[in-house]
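Listed here are the chains, written in short residue letters.
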Amino acid sequence: AQSVTQLDSQVPVFEEAPVELRCNYSSSVSVYLFWYVQYPNQGLQLLLKYLSGSTLVKGINGFEAEFNKSQTSFHLRKPSVHISDTAEYFCAVGDSGGYQKVTFGTGTKLQVIP
Amino acid sequence: KAGVTQTPRYLIKTRGQQVTLSCSPISGHRSVSWYQQTPGQGLQFLFEYFSETQRNKGNFPGRFSGRQFSNSRSEMNVSTLELGDSALYLCASSLGLAGGQETQYFGPGTRLLVL
């Protein structure tokens, strides 16, 4: 079984400051890791994903994440946030053992303060 | 390419009624997954359909059911609605390849309110 933990339910940060959203996972098989973003009144869209290879993954809108196998983490970072980054962010894990077996975390609401 | 569409976008029902939600995936996608999103429970997986067959199922009661048509469009049905079924229901489409590495493309959701 796989699981995802997003420790922070809400993260306030000032505009132009850096931010890190934390994600830890557990799985008994090889995993694929995702970050999705949900803007108000919209569905989720993919920010970035880790399948294999380089542990530093770059995504859209200036976000990046680092896969750390020893710490079973996949934290999301952005060096300078904008007001438009205010949204809810979901970490997700997919395991290699089945079809579309993706488990989502409970989400982190990023509130960018002007 | 048109994105994932869901209808209706908003729905108000009363307890005991039933409801049917519809999802049209991206053209060429054969997998449709359904999720329930609530403030307390987050995103919970309901089920996934691929080529008209339910391939994966989450831990929801039998009141929640679905189906998929030959054109990959999918419907989700909830019978005997309860107050706790109030939620945003999201569907996501993908090609449906083996393994969990695919990106899922989400629709805007159907917001259901049960009174």
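Below you will find a few notes about this structure. (Residues numbered from 1 in each chain as written. Chains lettered and ligands numbered in written order. Predicted model: local features only at pLDDT ≥ 70, side-chain atom pairs only at ≥ 80, totals over all residues. Heavy atoms only, no water.)

### Quick look at the overall build of chain B
A tally of regular secondary structure across chain B gives 0 helices and 11 strands. Mapped in sequence order, the helices and strands of chain B form the string β-β-β-β-β-β-β-β-β-β-β. In terms of overall dimensions, chain B is globule-like: its C-alpha atoms have a radius of gyration of 13 Å, near the 13 Å expected for 115 residues. Dimensions of chain B, computed from C-alpha atoms along their principal axes, come out at roughly 40 × 25 × 25 Å. When the 115 residues of chain B are sorted by exposure, 52% land in the buried category. Taking the intrachain contacts of chain B between residues at least 6 apart in sequence as the baseline, contacts between residues at least 24 apart amount to 54%. Roughly 5,300 Å² of accessible area belongs to chain B as shown, and the carbon and sulfur atoms make up 51% of that amount. (Helix = DSSP H or I, 4+ residues; strand = E, 2+ residues; numbered from the N terminus. Rg over C-alpha atoms; globule rule 2.2 N^0.38 Å. Buried < 20%, exposed > 50% of the residue type's maximum accessible area, 1.4 Å probe, protein only. Contact = heavy atoms within 4.5 Å. Areas by Shrake-Rupley, 256 points an atom, 1.4 Å probe, with all protein chains shown as cover.)

### Considering the nonpolar core
It is characteristic of soluble globular proteins that their nonpolar side chains tend to be buried jointly. Leu33, Trp35, Leu47, Leu48, Phe74, Leu76 and Tyr89 of chain A are the most contacted members of the largest nonpolar core, which totals 28 residues. The set of elements that each furnish at least two residues to this core consists of strand S2 (10–14), strand S3 (19–21), strand S5 (31–38), strand S6 (44–50), strand S8 (64–68), strand S9 (73–78), strand S10 (87–95) and strand S12 (108–113) of chain A. Ile26, Phe47, Ala87 and Leu112 of chain B belong to the second largest nonpolar core, which has 21 residues in total. (Core = buried A, V, L, I, M, F, W, Y, C linked by side-chain atoms within 4.5 Å.)

### Digging into the packing of aromatic side chains
Overall, the coordinates contain 12 aromatic pairs over all chains when judged by the stated rule. An angle of 20° between the planes, with centres 4.3 Å apart, marks the rings of Tyr50 of chain A and Phe67 of chain A as stacked. Of this pair, Tyr50 of chain A sits in strand S6 while Phe67 of chain A sits in strand S8, and the two are 17 residues apart along the sequence. Across the pair, Phe67 of chain A and Tyr50 of chain A agree in class, each one buried. With centroids separated by 5.7 Å and ring planes inclined at 40°, the aromatic side chains of Tyr35 of chain B and Phe106 of chain B adopt a geometry described as tilted. Taken together, the residues Tyr35 of chain B in strand S4 (residues 31–38) and Phe106 of chain B in strand S10 (residues 105–106) connect sequence positions 71 residues apart. Both residues of the pair, Tyr35 of chain B and Phe106 of chain B, count as buried. (Phe/Tyr/Trp six-rings, centres within 6.5 Å; stacked < 30°, edge-to-face > 60°.)

### Comments concerning the interface of chain B and chain A
Listed per partner, the contact involves 24 residues of chain B and 22 residues of chain A. In terms of surface lost to chain A, no three residues of chain B exceed Leu43, Gly100 and Gln101 of chain B, which account for 26% of the buried area on that side. Along the contact surface separating chain B from chain A lie 0 salt bridges. At the boundary of chain B with chain A, the tally comes to 3 residue pairs in polar contact (both at pLDDT 80 or more). Within the residue set of the side of chain B that touches chain A, elements represented by two or more residues are S4, strand S5 (42–50), strand S6 (53–57) and strand S9 (87–94) of chain B. It is S4 of chain B that contributes the most residues to the side of chain B that touches chain A, 4 residues altogether. Tallied by class, the residues present in the side of chain B that touches chain A amount to 8 nonpolar, 12 polar and 4 charged. (Buried area = accessible area lost by both parts, 1.4 Å probe. Salt bridge = Lys/Arg side-chain N within 4 Å of Asp/Glu carboxyl O. Polar contact = N/O pair within 3.5 Å; in protein donor to acceptor, adjacent residues only side chain to side chain. Nonpolar A, V, L, I, M, F, W, Y, C, P; charged D, E, K, R; others polar.)

### Describing the sheet that holds strand S7 (residues 64–68) of chain B
Residue and element names in this part refer to chain B. Ordered in space as S1-S3-S8-S7, the 4 strands form an open sheet in which the pairing is antiparallel. Taken across any chain shown, the strands that pair with only one partner, and hence form the sheet edges, are strand S1 (5–7) and S7. Along the sheet, successive strands turn relative to each other by an average axial angle of 20°, direction set aside. Strand direction decides the pairing type here: S7 and strand S8 (residues 74–78), joined by 5 bridges, are antiparallel. Across the sheet, Phe64 pairs through a bridge with Val78, a residue of S8. (Pairing = 2+ DSSP bridges. Axes fitted to C-alpha atoms, helices over the stretch in contact; angles between N-to-C directions.)

### Some remarks on the pattern of salt bridges
Within the structure shown, the criterion is met by 10 salt bridges over all chains. Here Glu82 of chain B makes a salt bridge to Arg63 of chain B, at a shortest N to O gap of 3.6 Å. Linking Glu82 of chain B in the loop between S8 and S9 with Arg63 of chain B in the loop between S6 and S7, this pair joins segments that are 19 residues apart in sequence. Connected through shared salt-bridge partners, Glu20, Glu66 and Arg77 of chain A make up one network.

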